[in-house]
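# A closer look at the structure
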Amino acid sequence: MRIPEITPEIALQRLAHGAALIDVREAHERAGGMAEGARGIANGELQADPGAHLPRTDQDILLICQTGRRSVVAAQALLAAGYANVASVAGGTVAWRAQGLPLVQPLTSAEDRDFYDRYARHLLLPQVGEAGQRQLQRSRVLVLGAGGLGSPAGFYLAAAGVGQLRFVDDDRVERSNLHRQIVHTEASVGTLKVDSARERLLALNPSLKVEAIAERATSSNIDALMDGVDVVLDGSDNFPLRYLLNDACIKHAKPLVYAAIERFDGQVSVFDAGRQRGVAPCYRCLFPQPPPPEFAPNCSEAGVLGVLPGLAGILQATEVLKLLLGIGEPLTGRLLRFDALAMRFRETRLSPDPQCAVCGPGVEFPGYIDYAAFCAGR
């Protein structure tokens, strides 16, 4: 049966004569303004139990959404449920606003209005929605390193609304950092990187909690740094820290989002052996032994194209968000490599090593070691 569609002016007249006007948009959409006199009941909620909201099946019911499409669908569902007098407002709230008809702002707190405005595009995604965005808001991510990788990753995690970011880095900003470590500015030179990062990220999103820990991660403090975090992002630039993070993530059963860059090349993966023993590999499964120091130069020795850590850091931020939301297919068991000069991406499948000394099935955590000595071959 074809659903009657009426103009906003007629809807306003019928509302004055006792019709029920129902705004079937989601709460975050209604926060931007809704037709005066309308009741907000999300489409899914209305269809799940129409009788709880509209007990009279003979009532004059008008449905309105953003542009008039969802209200037609909702009206069809009500007709199928036995409601006899249902119509949809053509053009929805957009047409209502364009014709200068009265709008009201729902009674929401300033905090909720900021939430709905700031994350409006996330909230439209079925894979995120309000529930997912609230989950991000409750999440805590450890970002080890506020440099080339931590800068872009931190920016996007802050913008995406990850509620708590714990940055750990004992370095200070140098002018040579600025061509790639975009969270810092000229005014930051000489300051602690974690303090500079905290200031910039709170300027971007003041609702976050950003912890600035000006320490070097070591075997003695890594457990405290891991406390309460949901995901760990590896923004380090040396092998001892990578092995330390890997082992800590296995001990605490947290996913580790890894990246490494050099000159024009990069690689990204997710190591989740702590939660998926015998199924997912860890960093040691990929690199059982570190390479000799002369074959593992850092950026200060080998150089790096300034945009390269940005590309890797954004990929890391993407993986962190997927893990926090439980969506998509993380890079678990896959190593993504890219060559920026050729702009080519290659994927290598990674398998867990059943003989791995740290993540092998049934292996008890052996404890932390002297990672500097281990990587130096001593």
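In case you missed it, the structure is sitting above this.
Residues numbered from 1 in each chain as written. Predicted model: local features only at pLDDT ≥ 70, side-chain atom pairs only at ≥ 80, totals over all residues. Heavy atoms only, no water.

### Overview of the layout of surface pockets
Here is the rule we go by: Put plainly, a pocket is an open set of points on a 1 Å grid over the protein atoms alone with protein on both sides within 12 Å along at least five of seven lines, a cavity is a set where a 1.4 Å probe fits but cannot get out, and a lining residue has an atom within 4 Å of a point. Grid points are joined across faces, edges and corners, and a volume is the space filled by probe spheres set on the points. Just so you know the grouping, Ala, Val, Leu, Ile, Met, Phe, Trp, Tyr, Cys and Pro go in nonpolar, Asp, Glu, Lys and Arg go in charged, and all remaining residues, Gly too, go in polar.
Counted as a void, the second largest pocket has a volume near 260 Å³. Along the wall of the second largest pocket there are 14 residues; nearest its centre are R25, H28, E29, G32 and Q66. Of the residues belonging to the lining of the second largest pocket, the class tally is 4 nonpolar, 5 polar and 5 charged.

### What to know about helix 1 (residues 8–16)
Keep this limit in mind: Summary of the burial criterion: residues with accessible area below 20% of their type's maximum are buried, those above 50% are exposed, and those between are partly exposed, where the area comes from a 1.4 Å probe applied to protein chains only. In this description a helix means any DSSP run of H or I spanning at least four residues, a strand means any run of E spanning at least two, and both kinds are numbered starting from the N terminus. Directions pointing from the helix axis toward each C-beta atom define the arc. By the convention used here, residues are in contact when the closest approach between their heavy atoms is within 4.5 Å.
The set of residues buried in helix 1 consists of P8, A11 and L15. The buried residues of helix 1 all sit within an arc of 55° when viewed along its axis, so they share a single face. Turned more than 90 degrees away from the buried face of helix 1, the exposed residues are Q13 and A16. Buried positions along helix 1 lie against strand 1 (5–6), strand 2 (20–23), strand 5 (61–64), strand 6 (86–89) and helix 6 (92–98). In the stretch just after helix 1, G18 is the one whose phi turns positive, near 105°.

### Brief notes about the sheet that holds strand 9 (residues 164–168)
To keep things clear, this is the line we draw: Note: two strands are recorded as paired if DSSP finds a minimum of 2 bridges between them. As a rule, the C-alpha atoms of each element are fitted with a line to give its axis, helices using only the stretch in contact, and angles between N-to-C directions run from 0 to 180 degrees.
The sheet built from 8 strands is open, its strands ordered 10-9-8-11-12-13-14-15 with mixed pairing. Looking at which strands have only one partner, the edges of the open sheet turn out to be strand 10 (209–213) and strand 15 (344–349). Averaged over all pairs of adjacent strands, the angle between strand axes in this sheet comes to 15°, irrespective of strand direction. Bridge analysis of strand 11 (residues 231–234) against strand 12 (residues 256–262) gives 2 bridges, and the strand direction is parallel. Bridged to V232 within strand 12 is L256. Sheet strands in contact with helix 16 (residues 308–325) are strand 8 (140–144), strand 11, strand 12, strand 13 (265–271), strand 14 (334–339) and strand 15, and its direction is about 170° off that of strand 12.

### A look at the nonpolar core
Quick reminder of the rule: Among buried residues, the Ala, Val, Leu, Ile, Met, Phe, Trp, Tyr and Cys ones that are joined through side-chain atoms within 4.5 Å form a nonpolar core.
With 42 residues, the main nonpolar core has V141, L157, V162, L165, F167, L201 and V320 as its most contacted residues. It is helix 16 that contributes the most residues to this core, 8 residues altogether. Among all residues touching V162, those that are not within four sequence positions of it are L136, S139, V141, L157, L208, L321 and L324.

### Focus: empty space enclosed by the protein
Evaluated as defined, the whole model comprises 2 cavities of 30 Å³ or more. In this model, the largest cavity occupies a volume close to 40 Å³. Around the largest cavity, the lining residues are Y119, Q133, Q137, G161, G163, S207 and L208. Taken together, the residues of the lining of the largest cavity break down into 2 nonpolar, 5 polar and no charged. In this structure, the second largest cavity encloses a volume near 30 Å³. The greatest single-element share of the lining of the second largest cavity, amounting to 3 residues, is contributed by helix 13 (residues 239–252). Class assignment of the residues belonging to the lining of the second largest cavity gives a composition of 6 nonpolar, 2 polar and 2 charged.

### Considerations on a nonpolar patch on the surface
How we decide: Note on patches: the residues involved have over 30% relative accessible area and no salt bridge, like charges join within 9 Å, and the nonpolar side chains Val, Leu, Ile, Met, Phe, Trp and Tyr join within 5 Å. Computed by Shrake-Rupley with a 1.4 Å probe, the accessible areas treat only the displayed protein chains as cover when residues are assessed. A pair is scored as a salt bridge if a Lys or Arg side-chain nitrogen falls within 4 Å of a carboxyl oxygen belonging to Asp or Glu.
On the surface, a nonpolar cluster with roughly 390 Å² of combined accessible area is contributed by F264, L305, V307 and L341. The residue V307 is located in the loop between helix 15 (299–302) and helix 16 in this model. Overall, the relative accessible area of 61% leaves V307 in the exposed class.

### Let's talk about the pattern of salt bridges
Side chains that carry opposite charge are capable of pairing whenever their charged atoms lie near each other. Summed over the entire model, instances satisfying the criterion amount to 17 salt bridges. For R25, the salt bridge identified is with D23, shortest N-O distance 2.8 Å. Like D23, R25 is buried. It is possible to trace a salt-bridge network through shared partners that takes in E329, R334, E347 and R349.

### Digging into the packing of aromatic side chains
Keep this limit in mind: Here the aromatic set is Phe, Tyr and Trp, taking the six-membered ring for Trp, and pairing holds for ring centres within 6.5 Å; pairs whose planes are under 30 degrees apart are stacked, those over 60 apart are edge-to-face, and all others are tilted.
In this structure the tally under the stated criterion is 10 aromatic pairs. A ring pair is formed by Y243 and Y283, whose centres lie 5.1 Å apart and whose planes are at 70°; its orientation type is edge-to-face. Taken together, the residues Y243 in helix 13 and Y283 in helix 14 (residues 283–286) connect sequence positions 40 residues apart. Residue classification places Y243 among the buried residues on the basis of a relative accessible area of 0%.

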